[in-house]
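A closer look at the structure
In case you want the letters, here they are:
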Amino acid sequence: MKKIRLILSICALFALGACEETSLEPENFQDVGWMTSHNASESFQIDQVGGTAGFMNVSQNPIEMRWEVDSGVFFLEGSISNAEISEVKNDRTILEKYIVEREDTTSNATTINVFFSRANPEIQEIAGVERRISKVRLFNSFKDSVVFRGRTDVGTVWSDSLNAWFIEREWLIDVYDSVAAQFELYKDGTLVYDNYLENEYDSLITQEIFEGESLLFKDRTVYDRPDNAIVRVYDWSDDLDQLGTALENVQKKAYHPDPAKDQNGEIPVDFNKEGTYLLQYVVKRNADNETDVNHEKQRRAAQDSLYVPVKVVVKPSIAPFSINKATEESEYDGTVSTITLSTVVAMSEIAGDVTGNFTLSITGGASFNPTAVSLANDDDGLPTLLNLTFNYDFDFATEVVKISYDGSGNIVSSNSARTMEAWSDLKVSLYDPNVLAQAGWDWEFKSDGAGWPNPSGAFFTFTNNLTGDPVASVSSGSLNISLPATGASNSQTRFKSNISEFPYTLDKTKSYRITYDYRYTGNDGDLSLVRLRWLNSSNASQNANSNKMNNASPASSSDFQSWSIDFPADGFSEVAGDVVGLEIQMNGVKNTSAFTLEIDNIRVFEIPTAP
């Protein structure tokens, strides 16, 4: 830019007829400047090894100038065509013939073109981002002090040893290498195959396993900065161009760890059906489409995939054809509940009516059979699930449910060779309709109040003449709120859930049931009211038919008592905005002694509409 201004100034002088010999001496003019093929930014990226970048020193009349490059960066000379540059993506070595001297790390040329032969083996973290940095540096020295004016002005520094002013510029170039998938494959802890250690293997390994068993991939990919690894499973084909359909509708993914810190990313692959299979291992680097100051994308996408030279032969299982994990109940839909069983192998059919072969028992209650039994596919598209339907609404809070199978039904494995064996007393994980439980909140206060805000003074609002601060803590499986004596005045204390973390936004067109257990202990028993109130998105308390949510005059007791209220949809008419939290409010009337309120088992249920 300075050079352009100089030329314009000279032209202006010519136009005025003032171009005298003593008016301007260009050889004495000094200035500093530089240009790059990447908008003169201090840092930029090279998409892949084999790429290039151009630099120009536009400084005027320096005493000395030189370029310096890191190991793995080479100076080029010669006329490089656009076609050759485009071909770099297919052949990273195509430009190596233009390297001047591989030993050269400095150059005195005004303009340089440099070649990046590798990505730096060492990863640096810059501003929270992993980089493989190669450096290019420019040195200029001058008789007089000059200033580079850019996004940030940079001035020269005096050097006694040089007896000159000097300035250095350094570019940090993040060079991306290709993604190169590396992994280990294990069976029961024994290494079957790897593609990066110096082990020798047959050209094709045959690995036999039984139905219901699995293989384990351990990702060891380092180059270059991958995000995730995927294993695809295909029906075996000797012709890789004629592969069968991938077995897995949902690809198994293991997000790759930081290669500089941890390399234990694992992908288990289950085989639940007899057959012969081919494995494909894919490692991906995702694109980051955010742009930097040069309007360049932060990172380009890349991937590497390879077929694993292991033929997986899955044989009929010799293990009992049975259930492989605890059962779970799906949500009661107002008519039926469904209990899902997972089997160790895929099934081919249910021959005949098997409802009488399953028995469900409720501890201390009835025993009965399902109304229907059907096959269902798992996430991999294999029929490993049995759905049992019951015309019953289980009570997750009070009932312990177990299920048994007598073994006489005709539930057939995928190879039609075996039928399911008998098993008994498998405990059922009942569906919990409590929206707090579904979101992982510690509604029972058995896990340090997980999900609730830290019960400290910051989450209370106080009114009237309290003689001390309330204290809240989670201990002994309950929320303990200790309030000081209020003397002759009334008090009000509020404990609010954190609306930004509350797991559920209530549907104001539906009705809800709210329950909790409480215990109140104190010397004078003068706690007039416990009130549960809604919070809206502004963290404001909402009355919302509050007279129906009051637990009036609770008696002091050493035992927990239960409180429950059905909150109708029409009660939400008083709530402004979304309902996104709960508030526990305690009103005391002239309690002369300190007292404690304990809250436990907070539940919020949606009351289903009758069919």
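Conventions we followed
- Residues numbered from 1 in each chain as written.
- Predicted model: local features only at pLDDT ≥ 70, side-chain atom pairs only at ≥ 80, totals over all residues.
- Heavy atoms only, no water.
- Pairing = 2+ DSSP bridges.
- Helix = DSSP H or I, 4+ residues; strand = E, 2+ residues; numbered from the N terminus.
- Axes fitted to C-alpha atoms, helices over the stretch in contact; angles between N-to-C directions.
- Buried < 20%, exposed > 50% of the residue type's maximum accessible area, 1.4 Å probe, protein only.
- Core = buried A, V, L, I, M, F, W, Y, C linked by side-chain atoms within 4.5 Å.
- Contact = heavy atoms within 4.5 Å.
- Salt bridge = Lys/Arg side-chain N within 4 Å of Asp/Glu carboxyl O.
- Polar contact = N/O pair within 3.5 Å; in protein donor to acceptor, adjacent residues only side chain to side chain.
- pLDDT = per-residue confidence, 0-100.
- Phe/Tyr/Trp six-rings, centres within 6.5 Å; stacked < 30°, edge-to-face > 60°.
- Lys NZ or Arg CZ within 6 Å of the ring centre and 35° of its normal.

Things to note about the sheet that holds strand E1 (residues 34–36)
The four strands are arranged E1-E3-E7-E5 in an open sheet whose pairing can be described as antiparallel. The open sheet has two edge strands with one neighbour each: E1 and strand E5 (73–76). Direction aside, the axes of adjacent strands within the sheet are offset by 30° on average. Pairing between E1 and strand E3 (residues 52–57): three bridges, direction antiparallel. In the strand pairing of E3, threonine 36 is matched with phenylalanine 55.

Regarding unusual backbone geometry
In this model, tyrosine 223 is joined to aspartate 224 through a cis peptide bond whose omega is -15°. The topology assignment puts aspartate 224 in the loop between strand E18 (213–219) and strand E19 (228–235). Residue asparagine 61 is not a glycine yet carries a positive backbone phi of 55°. Among the structural elements, asparagine 61 can be located in the loop between E3 and strand E4 (64–69). Assessed through its relative accessible area of 32%, asparagine 61 is described here as partly exposed. For aspartate 188, which is not a glycine, the phi torsion comes out positive at approximately 50°. Structurally, aspartate 188 is set in the loop between strand E15 (183–187) and strand E16 (190–194).

Description of the nonpolar core
One finds Trp534, Ile584, Ile599 and Ile602 to be the most contacted residues of the largest nonpolar core, which totals 31 residues. Elements supplying a minimum of two residues to this core: helix H3 (435–438), strand E39 (478–483), strand E41 (512–522), strand E42 (527–536), strand E45 (561–567), strand E46 (579–589) and strand E47 (595–606). Each residue touching isoleucine 599, except ones within four places of it in the same chain, is listed here: Phe445, Ser478, Leu479, Tyr516, Asp517, Tyr518 and Ile584.

Side note on the environment of valine 336
In this fold, valine 336 is placed in the loop between strand E27 (323–329) and strand E28 (337–343). In this structure valine 336 comes out as buried when scored by relative accessible area, which is 18%. Taking C-alpha positions, valine 336 is 9.8 Å from phenylalanine 394, a pair spaced 58 residues apart along the chain.

Some details on the environment of valine 222
Tracing the sequence through the fold places valine 222 in the loop between E18 and E19. Its relative accessible area of 24% is what places valine 222 among the partly exposed residues. For the pair valine 222 and alanine 180, spaced 42 residues apart in the sequence, the C-alpha separation amounts to 7.6 Å.

What about the sheet that holds strand E21 (residues 266–271)?
Strand order in the open sheet made by the four strands is E16-E15-E18-E21, with antiparallel pairing throughout. Two strands lie at the open edges of the sheet, namely E16 and E21, each paired on one side alone. With direction set aside, neighbouring strand axes in the sheet form an average angle of 25°.

Some details on the pattern of salt bridges
All told, the structure shown has 19 salt bridges when counted by the stated rule. Aspartate 70 serves as the salt-bridge partner of arginine 137, at 3.3 Å between the closest nitrogen and oxygen. Note that arginine 137 is positioned in strand E10 (residues 133–142) and aspartate 70 in the loop between E4 and E5, a separation of 67 residues in sequence. Take arginine 137: its relative accessible area is 22%, and that puts it in the partly exposed class. The salt bridge partner of glutamate 266 is lysine 218, with a shortest N-O separation of 4.0 Å. A residue pair is termed long-range when its members are at least 10 positions apart, and glutamate 266 in strand E21 and lysine 218 in strand E18 qualify at 48 residues. When salt bridges with common partners are traced through the structure, they connect Glu64, Arg66, Glu68, Asp70, Arg137 and Glu170 into a single cluster.

Focus: the side chain of aspartate 174
As for its placement among the helices and strands, aspartate 174 is situated in strand E14 (residues 164–175). One polar contact links the side chain of aspartate 174 to the main-chain amide nitrogen of arginine 132, over a distance of 3.0 Å. Setting aside residues up to four positions removed in sequence, aspartate 174 forms contacts with Phe44, Gln45, Ile46, Glu130, Arg131, Arg132, Ile133 and Arg225.

Quick word on the pairing of E28
Burial runs high along E28: six of the seven residues are buried. Of the pairings in the sheet, the one linking E28 to strand E33 (residues 385–390) comprises six bridges and is antiparallel in character. The residue bridging threonine 340 from the neighbouring strand is asparagine 387, located in E33.

Details of the environment of glutamine 60
Within the fold, glutamine 60 resides in the loop between E3 and E4. In this structure glutamine 60 comes out as buried when scored by relative accessible area, which is 16%. Linking glutamine 60 and aspartate 31, residues 29 residues apart in sequence, is a C-alpha distance of 4.9 Å. At a separation of 3.3 Å, a polar atom in the side chain of glutamine 60 contacts the main-chain carbonyl oxygen of valine 58.

With respect to the confidence of the model for the protein
Confidence in the prediction of the protein, expressed as mean pLDDT, is 76, and 72% of residues score 70 or more. Scored below 50 in pLDDT, residues 455–465 makes 29 contacts in the model with residues more than four places away or belonging to other chains.

Looking at the packing of aromatic side chains
One pass over the full model with this rule turns up 20 aromatic pairs. Plain terms: the ring middles of tryptophan 34 and phenylalanine 148 are 4.1 Å apart, the flat faces sit at 20° to each other, and that makes the pair stacked. Of this pair, tryptophan 34 sits in strand E1 while phenylalanine 148 sits in strand E11 (residues 147–148), and the two are 114 residues apart along the sequence. A relative accessible area of 13% places phenylalanine 148 in the buried class. Their ring planes at 85° and their centres at 6.1 Å tell us that tryptophan 34 and tryptophan 171 sit as a pair that is edge-to-face. Here tryptophan 34, found in strand E1, pairs with tryptophan 171, found in strand E14; they are 137 residues apart in sequence, far enough to count as distant. Look at tryptophan 34 and you get buried, because its relative accessible area is 5%. Through successive ring pairs, a cluster of aromatic residues spans Trp34, Phe44, Phe55, Trp67, Phe148 and Trp171. When the ring centre of phenylalanine 139 is taken as origin, the NZ or CZ atom of arginine 66, which lies over that ring, is 4.2 Å away. Here the guanidinium or amino end of arginine 132 rests over the ring plane of tyrosine 223, the centre of that ring lying 4.2 Å away.

A few points about the side chain of serine 404
Turning to its location among the elements, serine 404 is positioned in strand E34 (residues 401–405). Of note is the side chain of serine 404, whose polar atom sits 2.9 Å from the backbone nitrogen of aspartate 425. In contact with serine 404, not counting residues within four places along its chain, are Asn357, Phe358, Thr359, Trp423, Ser424 and Asp425.

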